[in-house]
Amino acid sequence: MKLILDAEKCTGCKICELACSAKHQGVFNPKKAHLRINDNYTETGRETRLKSCTLCLKCVETCPVEAITFNGKWLVIDDGLCTGCGDCVDVCPEGVIFLNSEGMAAIPNFCEGNPFCIEWCPQEALYKEEDVA
Amino acid sequence: MSYRWKILRVNLSTGSVAKEPLNKGWTEKYFGGRGLGAKYLYEELGGGVEPLSPENKLILVTGPLTGTIVPCSGKLAIISKSPATGIILDCAIGGSFAAQLKFAGYDMLIVEGQAEKPVYLAINDDDVEIRSAAHLWGKGIFETESRLHDEHGMEAVVLSIGPAGENLIPFACIGSEYYRQAGRGGIGSVMGSKRLKAIVCSGSKDVIVPDMPRLLELVRKAIREDVLTDTNLWAHIGGTPTIVEMSNSSGVFPTRNYQDGVFEGAQKINADSIRKLRPHKKACFACALGCGNYLCIADSTVEGPEYETLALTGANCGVDDLGAIVRFNADCDDLGIDTISLGNVLGFAMEMTEKGMRDFGIRFGDVETYLKMPRLVAYRAGVGKELSRGVKQLAKTYGGAEFAMQVKGLELPGYDPRGSWAMGLAYATAARGGCHMSAWPVADEAFGKLDPFTIEGKAQLVITGQHYNAIKFSLILCDFWALSMGTMSEMVSCVLGREISVAELAKAGERIWNLLRLFNVREGFKAADDTLPARVFKDPLKSGTPAGRVLPRDQFDSMLREYYQLRGWDSNGAPTPEKLKELEM
């Protein structure tokens, strides 16, 4: 699956980022969220882009210990195998993988099918790709 | 709990950068934002400091709710002594700077001294650097912000001043995210006097609360059942331009320098007109509402215009051309000028000119001249040299004090007190002068069910509003979530992990209000300063519900006396020792 943002509806409040870090890391920290709302100010106002897992699988290919796998829907990490080397963090083109407070890779998994960010978005601007199509 | 317990203190005279502990005892009494910032300023400044001297301080304060998912908790308080009024100045700015400061690891930033050459401050977690701003000085806020984003990344948040702040205009503002401002009282010129062009901040640290599942449950319920309900949704649907219709139809919409309260062109600048043109909305950090409207007309873009801008630079200048207001607004945002004060200055100058009292070369509705004014004022060029002094000083030199619409040197916002008598008391007693952010009783009177033309019960109405806002802006929450004290207590108790009752919050609100007053008493302000422009007492309004009305002077005086009595202040408006003892101050 993938996340889709309706940029027309998004107000840039970042509640999705806060909800994500709260759920998965137990803290508030947009830099520890598996999605980012990037705002660019332009001549005509504001341009908004979503950064989230696109399932490019670069992290899966890069992980030296094969701790990250793709189950056909989302990424899965084997915490027992992860060494916290950070290669996946560096290779993620969206910047939505990071090391958690234990120094282990935190991998986006769309909350296993029911993304918390979608549930929390007050503008109903986030969707699952399958729900748009 | 969500405090970081750390202050960042930067002295621009010596170049020192220090990290020191936050005073825990003070947070228990003043929480954060307006209250805690005022406490630090009161204790550190002493009386009689010249506002534009190196001795004045600029205090940027977050609150216990900042950085959390509590809705509408994105605001930053900026506290200083005002060059416009000589008394306390408490500003609030939206956007996401407050959250970034907290994520960088600080509850508060105190800027002292004065740099020799223009500088900006770069904060990236523990790394704090004072850098040369030679390449930024002289630039507008838009370009400054864009260049700092190029240098520090898009996720860094910028606070900056424009030429108006650099040139020490007494109504220069601080801008952030291009179109948001700490607007009033010349806060931008305090920054300019320190030769501090900008502050750029990015943070990556956690904000921690004691019981995350409980907070998420509380907030989820609050967003659904409270924030996103009819009481607040106007802020999302129309934003503050919604108030144009409310003000105009109740006859309190300042028109042609408060000569009238109904503007014939109001329909052209109301929320409906704006909604048709806006490409999208914008929210501050952690705000579920999102009140910002982008407007793009001709070659000007602005997030706005907000109600106050539509009132003061629109109706009050006799301008009903929305495109012109958008351009004027964008220029003010870029140059770093407070639109409320400039709208008043121009309205005053227009009336002076039309009455033949002094020719400032500008008349009501003269859009072409009007559009030149932000630039002339920011650079003190041509007629801008005089106009940049503000309404109070202009009246001192050229007369017209009766219709110089200011209190204590701060120009009035967009609600005519002749059609909302409690609003008159709120203006007269607001800590920073003519201001609508201390209490907003116009909502109960002109826009609500209370009779606007009686003083009965109004002193208490204003007092309750002042305490409510004092604590709300100290936690910090935005004005536009009209939450109950009970909900406020639930949120803050959960975030702090200890029970903070409604009574404790109300008492803190009163304590903060008394502290602001103590600051002003120390500066020599007395009961005689708690007054309104003579026009409010003498010139009847012309149209609508309040047609023929003034706020009678004797009624105002009675209301003010009752206000002092209820507050436990002496007849000169100073808190009594008994009151201070009761408030544990």
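Presented here is a report on the structure given in the accompanying data block. (Residues numbered from 1 in each chain as written. Chains lettered and ligands numbered in written order. Predicted model: local features only at pLDDT ≥ 70, side-chain atom pairs only at ≥ 80, totals over all residues. Heavy atoms only, no water.)

Structural notes on the side chain of B:Thr144
All names here are of chain B. To keep things clear, this is the line we draw: For helices the rule is a DSSP run of H or I covering at least 4 residues; for strands it is a run of E covering at least 2, with both sets numbered from the N terminus onward. Per-residue accessibility, obtained with a 1.4 Å probe over protein chains only, is compared with the maximum for each type, and a residue is labelled buried under 20%, exposed over 50%, and partly exposed between these values. Polar contact criterion, stated in full: a pair of N or O atoms within 3.5 Å, where within protein one must be able to donate a hydrogen and the other to accept it, and residues adjacent in sequence count only if both atoms are side-chain atoms. It only takes one pair of heavy atoms within 4.5 Å for two residues to be counted as in contact.
Looking at the secondary structure, you find Thr-144 in helix H4 (residues 141–152). On the basis of relative accessibility, which here comes to 0%, the residue Thr-144 falls in the buried class. For Thr-144, the side chain forms a polar contact with the main-chain oxygen of Gly-140, separated by 2.7 Å. In this view, Thr-144 contacts Leu-136, Lys-139, Ser-160, Lys-197 and Ala-198; residues no more than four positions away in its chain are not counted.

Concerning the sheet that holds strand E7 (residues 119–124) of chain B
Residue and element names in this part refer to chain B. For clarity, the threshold we go by: For two strands to be treated as a pair, DSSP must find no fewer than two bridges joining them. Working convention: axes come from line fits to C-alpha atoms, limited for helices to the stretch in contact. Angles between N-to-C directions cover 0 to 180 degrees.
Read across the sheet, six strands follow the order E8-E7-E12-E9-E10-E11 without closing on themselves; strand pairing throughout is mixed. Every interior strand has two partners, whereas the edge strands, strand E8 (127–132) and strand E11 (180–182), have only one. Taking each pair of neighbouring strands and ignoring which way they run, the sheet shows an average axis angle of 20 degrees. Judged from the six bridges that link them, E7 and E8 form a sheet pairing that is antiparallel. Bridge pairing links Tyr-120 to Arg-131 in E8.

Regarding the environment of B:Glu217
Residue and element names in this part refer to chain B. Locating Glu-217 in the fold gives a position in helix H7 (residues 212–227). Judged by relative accessible area, Glu-217 falls into the exposed class, the value being 53%. C-alpha separation for the pair Glu-217 and Ala-527, spaced 310 residues apart in sequence, amounts to 47 Å.

Quick word on the side chain of B:Lys81
Residue and element names in this part refer to chain B. With respect to the helices, strands and loops of the structure, Lys-81 is situated in strand E4 (residues 76–81). Residue class for Lys-81 comes out buried when judged on its relative accessible area of 3%. Of note is the side chain of Lys-81, whose polar atom sits 2.8 Å from the side chain of Glu-523. What Lys-81 contacts, discounting residues up to four positions off in sequence, is Leu-41, Leu-45, Gly-48, Val-49, Pro-51, Asn-56, Gly-86, Ile-87, Leu-89, Val-190, Phe-519 and Glu-523.

Notes on the nonpolar core
Residues and elements named next belong to chain B. Heads up, the condition is: Within this scheme, the nonpolar core is defined by two criteria: the residues are buried Ala, Val, Leu, Ile, Met, Phe, Trp, Tyr or Cys, and they are joined through side-chain atoms within 4.5 Å.
Within the largest apolar cluster, 169 residues are counted, with the highest numbers of intra-cluster contacts made by Tyr-370 and Tyr-563. For Tyr-370, the contacting residues outside a window of four places in its chain are Thr-313, Cys-317, Val-319, Ala-324, Ile-325, Phe-328, Leu-346 and Ile-362. Counting 33 residues, the second largest nonpolar core, distinct from the first, contains Val-111, Val-119, Ala-182 and Met-191.

Concerning the layout of surface pockets
Put simply, the rule is: A cavity here means a set of points on a 1 Å grid, drawn over the protein atoms and nothing else, where a 1.4 Å probe fits but cannot get out; a pocket is an open set with protein on both sides within 12 Å along at least five of seven lines, and a residue lines either one if it has an atom within 4 Å of a point. Grid points are joined across faces, edges and corners, and a volume is the space filled by probe spheres set on the points. Polar here means any residue outside two lists: the nonpolar Ala, Val, Leu, Ile, Met, Phe, Trp, Tyr, Cys and Pro, and the charged Asp, Glu, Lys and Arg; Gly therefore counts as polar. For the domains described, the bounds stem from an automatic or database domain assignment.
Of the volumes computed, that of the second largest pocket is approximately 380 Å³. Together, 18 residues line the second largest pocket, and A:Thr42, A:Glu43, B:Phe142, B:Tyr179 and B:Thr301 are the ones closest to its centre. Mapped by element, the contributors of at least two residues to the lining of the second largest pocket are strand E2 (35–42) of chain A together with H4, strand E15 (300–303) and helix H12 (322–335) of chain B. If one sorts the elements of the lining of the second largest pocket by residue count, H12(B) sits on top with five residues. Classifying every residue of the lining of the second largest pocket gives seven nonpolar, five polar and six charged. Summarising the domain contributions, the lining of the second largest pocket has at least three residues from each of domain 1 (6–202) and domain 2 (236–391) of chain B.

Here we look at the interface of chain B and chain A
Rules: We define buried area as the total accessible area lost by two parts upon association, computed with a 1.4 Å probe and summed across both. Take a side-chain nitrogen of Lys or Arg and a carboxyl oxygen of Asp or Glu: if they are within 4 Å of each other, that pair is a salt bridge.
Contacts between the two partners involve 39 residues from chain B, matched on the other side by 31 residues from chain A. For the pair chain B and chain A, the two sides together bury roughly 2900 Å², of which 60% comes from carbon and sulfur. Scanning the region where chain B abuts chain A turns up three salt bridges. Across the pair A:Glu119 and B:Arg220 runs a salt bridge whose closest N-O atoms are separated by 2.4 Å.

As for the pairing of strand E3 (residues 45–52) of chain A
Strand residues, when the strand is regular, have side chains that alternate between the two faces of the sheet. All names here are of chain A. With six of eight residues buried, E3 lies mostly within the body of the structure. Sheet analysis places E2 next to E3, joined by eight bridges and oriented antiparallel. Bridging across to E3, Asn-40 finds its partner in Glu-47. Counting the residues in the hairpin turn of E2 and E3 gives two residues.

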